[in-house]
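# Observations on chain architecture
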Amino acid sequence: MKRDGLKWTRVAPGVIPAWVADMDLPTAPAVVEALKARAEGDLGYPTWLDSYQAGPISEAFGERMAARYDWTPDIGHCRTYSDINQALQVFLHIWTKPGDGVALHTPAYHPFLGTLATMDRPLHPIQLEPDGESWGCEVPDLSGCKVLLLVNPHNPTGRVFTRQELELLAEHAERHDLLVLSDEIHADLTYAPHRHIPFATILPDRTVTLTSATKAFNLGGIRCSIAHVGSPAARKALEEQPPFLYGSAGVFGVEATVAAWRHGDAWLEQTLALLDRNRSALAARLPATVRYRIPEATYLAWLDVGRPGLAEVLEREAKVLLNDGALFGPGGDEYVRLNFATTEATLTEILDRLVPALS
């Protein structure tokens, strides 16, 4: 497979990339076939030209939520965007103003931290702390916040929040009159017995659900995501914007997403089985000097290496590129993030290089 994307081209010769959240796996055949058929077919204006909804993707989204998560969303409340980051910025722009606080579990997906800093929406951290083999938190006073930005399943820890935890967050959202922007892009990468619960099933009228097929099906370059805007007030604010300001999904993004969600589950099950083996392989081989809590979802390992700045050392000495935990904000300094969505042979080579350097 030709590797000319971001992950493999931003490394020095001889370095194995295990940083950005792309998989080193072939694309699902159903997606490839759908894209070929579209390329050989009609590339004219799509039927959803005058709508943010992109009908086929909204329909596939509704089907998937009902089948996998027991949620029947109103697909008329869907909007499409290029990715989760764009969608987040759109809703922060229409709902908040500079100085409005945003609550977010930390450590946090670093582009979200960058968005908050650039837009002057102060971070109100909900700090995740080690809790046995998982992660827990105490929700602080969220006064001064306008938005709860929920990332579930959580990146970088791989935590899948329980119903009890989500209901507690819903109570805080009600108490402080918060809009909940719920990033659920990793939902399809949840390992049994854990189960993803859409936040919109708990607090529908305050929730904007952000998701995409790009993470579970390795389609980051497709540039297509969907938002389900459950909040009537957020829908009204969005409808007051110029109709073409934020764009909408293109035919290839919609084609790939619909194919993945409707016809890609056999590929996804095989991929999840590989990822499950890989997350266990890490537990079996990492040295005792590294604290590793096996993620409940995602293909990202959040490794406590006990000191800051080690990612740079590992790139130089072990020839493996990881994410420096400091990028992920409060609580991340002594961590690195490792992407284990690769072949078993490549993961073995990564560990052969890392284990001596970490011991």
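Scope of this entry: the structure provided in the associated data block. In this text, all values refer to a predicted model and were calculated from it rather than measured experimentally.

### Focus on the sheet that holds strand β9 (residues 207–211)
Spatially, β2-β10-β9-β8-β7-β3-β4 is the arrangement adopted by the 7 strands of the open sheet, whose pairing is mixed. Where the open sheet ends on each side, the last strands, each with one partner, are β2 (78–81) and β4 (123–127). Across this sheet, the average inter-strand angle for adjacent strands is 20 degrees, counted without regard to direction. Sheet strands in contact with helix α5 (residues 110–119) are β3 (101–106), β4, β7 (145–151) and β8 (179–183), and its direction is about 160 degrees off that of β3.

### Some words on the packing of helix α4 (residues 84–95) against α5
Between α4 and α5, the least distance of the axes is 11 Å, while the angle of their chain directions is 30 degrees. Between α4 and α5, the crossing angle belongs to the class labelled roughly parallel. Taken as a pair, α4 and α5 cross one another with a handedness that is right-handed. Here I84, N85, L88, Q89, L92 and H93 of α4 come into contact with α5, specifically with P111, F112, T115, L116 and M119. Residues belonging to the contact of α4 with α5 are distributed by class as follows: 7 nonpolar, 4 polar and no charged.

### Observations concerning the packing of aromatic side chains
On inspection of all chains with the given rule, the structure shows 8 aromatic pairs. With a centroid separation of 6.3 Å and an interplanar angle of 45 degrees, the aromatic rings of F61 and W261 are classed as tilted. Of this pair, F61 sits in helix α3 (residues 55–69) while W261 sits in helix α8 (residues 251–263), and the two are 200 residues apart along the sequence. Both residues of the pair, F61 and W261, count as buried.

### Observations concerning the side chain of H154
Looking at where H154 falls in the secondary structure, it is placed in the loop between β7 and α6 (163–175). Residue H154 is classed as buried on the basis of its relative accessible area of 1%. Dropping the residues within four chain positions of it, H154 is found in contact with H105, P107, L128, R159, F161 and T298.

### Brief notes about the packing of helix α9 (residues 265–285) against helix α11 (residues 344–358)
Contact geometry of α9 with α11 gives a least axis separation of 11 Å together with a crossing angle of 20 degrees. The pairing of α9 with α11 is recorded here as roughly parallel in orientation. In this structure, the crossing between α9 and α11 has a hand that is right-handed. In contact with L274, R277, N278, A281, L282 and R285 of α9, α11 contributes E344, L347, T348, L351, D352 and V355.

### Side note on α11
The end-to-end C-alpha distance of α11, which contains 15 residues, comes to 20 Å, matching closely the 21 Å that a straight helix rising 1.5 Å per residue would cover. Looking at the buried residues of α11, the elements they touch are β1 (16–17), α9, α10 (310–317), β13 (320–321) and β15 (335–339).

### Let's talk about α8
Its 13 residues give α8 an end-to-end C-alpha distance of 17 Å, which sits within 8% of 18 Å, the value for a rise of 1.5 Å per residue. Within α8, burial applies to V251, G253, V254, A256, T257, V258, A259, A260 and W261. Summarising the contacts, the buried residues of α8 are in contact with α2 (29–39), α3, β9, β10 (225–229) and α9.

### Some words on the sheet that holds strand β14 (residues 323–324)
What the 4 strands build is an open sheet, ordered β11-β12-β15-β14; its pairing is antiparallel. Each of the sheet's edge strands pairs with one partner strand only, and the pair in question is β11 (291–292) and β14.

### Details of the pattern of salt bridges
Scanning the model with the defined rule gives 24 salt bridges in all. For R68, the salt bridge is made with D265, and the minimal N-O distance between the two is 3.6 Å. Placement of R68 in helix α3 and of D265 in helix α9 is noted, with a sequence separation of 197 residues between them. The class of R68 is partly exposed, set by a relative accessible area of 23%.

### Structural notes on the pairing of β10
Burial runs high along β10: 5 of the 5 residues are buried. By the alternation rule, side chains of β10 split into S225, A227 and V229 and I226 and H228, which are all buried. Taken together, the 4 bridges between β2 and β10 define a ladder with antiparallel strand orientation. Note on β10: the bridge partner recorded for C78 is H228.

### Points about the state of the cysteines
Taken as a whole and judged by the stated rule, the model has 0 disulfides. Cysteine C78 shares no disulfide, and the gap to the nearest cysteine sulfur, in C224, comes to 11 Å. You can call C78 buried: its relative accessible area is 0%.

What counts and how
- Residues numbered from 1 in each chain as written.
- Predicted model: local features only at pLDDT ≥ 70, side-chain atom pairs only at ≥ 80, totals over all residues.
- Heavy atoms only, no water.
- Pairing = 2+ DSSP bridges.
- Helix = DSSP H or I, 4+ residues; strand = E, 2+ residues; numbered from the N terminus.
- Axes fitted to C-alpha atoms, helices over the stretch in contact; angles between N-to-C directions.
- Contact = heavy atoms within 4.5 Å.
- Parallel < 35°, antiparallel > 145°, perpendicular 65-115°, else oblique.
- Left-handed = near helix turned anticlockwise from the far one by under 90°.
- Nonpolar A, V, L, I, M, F, W, Y, C, P; charged D, E, K, R; others polar.
- Phe/Tyr/Trp six-rings, centres within 6.5 Å; stacked < 30°, edge-to-face > 60°.
- Buried < 20%, exposed > 50% of the residue type's maximum accessible area, 1.4 Å probe, protein only.
- Expected span 1.5 Å × (residues − 1).
- Salt bridge = Lys/Arg side-chain N within 4 Å of Asp/Glu carboxyl O.
- Disulfide = S-S within 2.5 Å.

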